[in-house]
Amino acid sequence: MDERRSVSVFGSTGSIGESTFDLLMRQGGPRAYRTVALTGGRNVARLAEMARALQAELAVTAHEDCLRPLQAALAGSGVEVAAGAQALAEAADRPAGWVMSAIVGAAGLVPGFRALAHGGTLALANKESLVTAGPLLMETARKAKARILPVDSEHSAIFQSLLSEEMTSVERVILTASGGAFRDWPVERLVAATVAEASTHPNWAMGQRITIDSASMFNKALELIETREFFGIDPDRIEVLVHPESLVHALVAFCDGGMIGHLGAPDMRHAIGYALNWPDRTPLPVARLDLARVGSLTFRAPDPLRYPALALARQVMDKGGLAGAVFNAAKEAALDAFIEGQICFTDMAGVVETVLEDFSGRTGFGPALAPLEAVLAADSEARARARSVAERTGDKRWKSRA
Ligand code: NDP
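To start, this report covers the structure provided alongside it. In this text, all values refer to a predicted model and were calculated from it rather than measured experimentally.

To continue, consider the pairing of strand 10 (residues 248–254). Taken across its seven residues, strand 10 has seven buried, putting it largely inside the fold. Bridge count between strand 8 (residues 170–177) and strand 10: five bridges; the pairing is antiparallel. Counterpart to valine 170 in the pairing with strand 10 is phenylalanine 254. Sheet topology note: the strand 10/strand 11 (residues 259–263) ladder contains five bridges and is antiparallel. Each residue of the ladder has a partner; that of alanine 253, found in strand 11, is methionine 259.

Applying the stated criterion to the full structure yields 24 salt bridges. With its nearest N and O atoms 2.6 Å apart, the salt bridge here joins lysine 220 to glutamate 223. Residue lysine 220 and its partner glutamate 223 are located together in helix 10 (residues 218–231), separated by three residues, close to a single helical turn. For lysine 220, a relative accessible area of 5% gives the class buried. Residue class for glutamate 223 comes out buried when judged on its relative accessible area of 1%. Between glutamate 332 and arginine 383 there is a salt bridge, and its shortest N-O distance comes to 3.1 Å. Of the two residues, glutamate 332 sits in helix 14 (residues 323–339) while arginine 383 sits in helix 16 (residues 372–401), which places them 51 residues apart along the sequence. Accessibility classification places glutamate 332 together with arginine 383 in one group, the buried group. Beyond isolated ion pairs, a larger network of salt bridges with shared partners links Lys127, Asp152, Glu154, Lys220 and Glu223.

We now examine empty space enclosed by the protein. Tallying each qualifying case throughout the model produces one cavity of 30 Å³ or more. Reported here for the largest cavity is a volume of approximately 30 Å³. Every residue along the wall of the largest cavity is listed here: Leu124, Leu130, Pro150, His155, Glu226 and Phe230. Grouping the constituent residues of the lining of the largest cavity by class yields four nonpolar, one polar and one charged.

Note: strands within a sheet are paired through backbone hydrogen bonds, in either parallel or antiparallel orientation. Taken in spatial order, the seven strands of this open sheet run 4-3-2-1-5-6-7, and their pairing is parallel. The sheet terminates laterally at strand 4 (80–83) and strand 7 (147–150), the two strands that pair on one side only. Going from strand to strand, the sheet's axes swing by 15° on average, the running direction of each strand aside. Of the strand pairs in this sheet, strand 1 (residues 5–10) and strand 5 (residues 98–101) are connected by four bridges, and their pairing is parallel. Within strand 5, the position partnered with serine 8 by the bridge is valine 99. Seen against the sheet, helix 2 (residues 44–54) touches strand 2 (33–40) and strand 3 (58–61) and runs at an angle of roughly 175° to strand 2.

This part is about the packing of helix 7 (residues 153–161) against helix 10. Between helix 7 and helix 10, the shortest axis-to-axis distance is 10 Å and the interhelical angle comes to 35°. Along this stretch, helix 7 crosses helix 10, giving a crossing that reads as right-handed. Judged by residue contacts, Glu154, His155, Ile158 and Phe159 of helix 7 engage Lys220, Glu223, Glu226, Thr227, Phe230 and Phe231 from helix 10. Considered class by class, the residues forming the contact of helix 7 with helix 10 number four nonpolar, two polar and four charged.

Close contact between helix 7 and helix 11 (residues 269–277) brings their axes to 9 Å; oriented N to C, the two are set at 50°. In terms of axis orientation, helix 7 runs oblique to helix 11. You can see that helix 7 and helix 11 cross each other, and the crossing is left-handed. Contact with helix 7, carried on its side by Ser153, Ser156, Phe159 and Gln160, involves His270, Ala271 and Tyr274 of helix 11 and no other residues of that element. Its residues placed into classes, the contact of helix 7 with helix 11 shows three nonpolar, four polar and no charged.

The next point concerns helix 13 (residues 309–319). Of all the residues in helix 13, the buried ones are Ala309, Leu310, Leu312, Ala313, Val316 and Met317. Buried residues along helix 13 cover an arc of 155° about the axis, so they all sit on one side. Phi turns positive, to about 70°, at glycine 320, one or two residues after helix 13.

What counts as what
- Residues numbered from 1 in each chain as written.
- Predicted model: local features only at pLDDT ≥ 70, side-chain atom pairs only at ≥ 80, totals over all residues.
- Heavy atoms only, no water.
- Buried < 20%, exposed > 50% of the residue type's maximum accessible area, 1.4 Å probe, protein only.
- Helix = DSSP H or I, 4+ residues; strand = E, 2+ residues; numbered from the N terminus.
- Pairing = 2+ DSSP bridges.
- Salt bridge = Lys/Arg side-chain N within 4 Å of Asp/Glu carboxyl O.
- 1 Å grid on protein atoms, 1.4 Å probe; cavity = no way out; pocket = protein on both sides within 12 Å on 5 of 7 lines; lining within 4 Å.
- Points joined across faces, edges and corners; volume = space filled by probe spheres on them.
- Nonpolar A, V, L, I, M, F, W, Y, C, P; charged D, E, K, R; others polar.
- Axes fitted to C-alpha atoms, helices over the stretch in contact; angles between N-to-C directions.
- Contact = heavy atoms within 4.5 Å.
- Left-handed = near helix turned anticlockwise from the far one by under 90°.
- Parallel < 35°, antiparallel > 145°, perpendicular 65-115°, else oblique.
- Arc of directions from axis to C-beta.

Encoded structure:
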């Protein structure tokens, strides 16, 4: 009998995927793990390397046009190969005891839901799943007796701070934020921020999209909603503090005036390793903190003018229902428009706000438990709307400069 632990990694060629692969290899690779499926996007060469190293049963690229190169790269390896969104969903139908959900964006939604249906453990890096369909995701996990473990560093930190605590004694949860690339820029300068400047994180090495989302704090906005959905905490008890050192990942304040915080080096392999080895702790290749050398830790309240995304997230939490799906889709489309040079860095929040306003009167926007089809429909409608708002915004911006 095969006694190895079965695992799948969705988004294995990304930043979280690479860290997951690193840990799987360090913890015994194919001797310790039966890799059911690895998935990637355009980075076919890396996906093939990983699939060979872990002797995966299946490798899937999200893009049909990448099928042939993937087949060529895996020829003779015995790894089954597939491509496309449907193939990704089918890969998630193959049961694995531990599944990493690390596709970026709403594309990670369907594979995550399909994987949950088997029970087991879903290590959730794809925060968009909770933002767009949190109540449904938690309900699906409950029904399937599946476990979701948070991988976002802040949520892993809250999870660890809450071990053996009663939720009724929690007064507040505080998410820390590095402040991103522009935390010390004059606000007036942000309008001219370039994609390259926004893609450089002061503390963490992450994928480009989440790095830009850190600079705008759309990432923290998603995390506010993620905290609400995962831990069931009221929005007015979730706070954000700018903490430039990124060493305290989150704090929980209790009713007796005490606080428990979680500290660690900014290395995602801690949170990933924690989710991989839970409920045990295993030595991880993460730098140890030397607090005497660090000397001091600083905190400040986020400036609402610099980070308008935080107020938008609070509107979304007030509305509930499909507001999260609309917010995330509009944010993703606005981010695309910024990366493509269509709009400025500071235009992204305006695009998202306009789309949220457009949808706010709709039925079904409210606090019902929306089914997945409704979430996906809201996602594509909001995405299309955001693209046209971004186009208009960009036209105006460039005309006014001409
Ligand atoms: P990356 O952009 O580095 O990687 C994304 C992965 O998803 C890659 O494997 C990519 O493939 C794949 N992918 C891209 N587009 C699609 C698509 N349309 N369909 C299927 N797969 C696709 O992202 P990160 O690793 O930075 O982030 C992954 C998730 O984890 C995000 O939800 C992010 O918010 C979350 N997260 C990330 C953190 C980090 O430190 N990076 C921290 C906390 C959460 P390819 O590259 O081959 O094209």
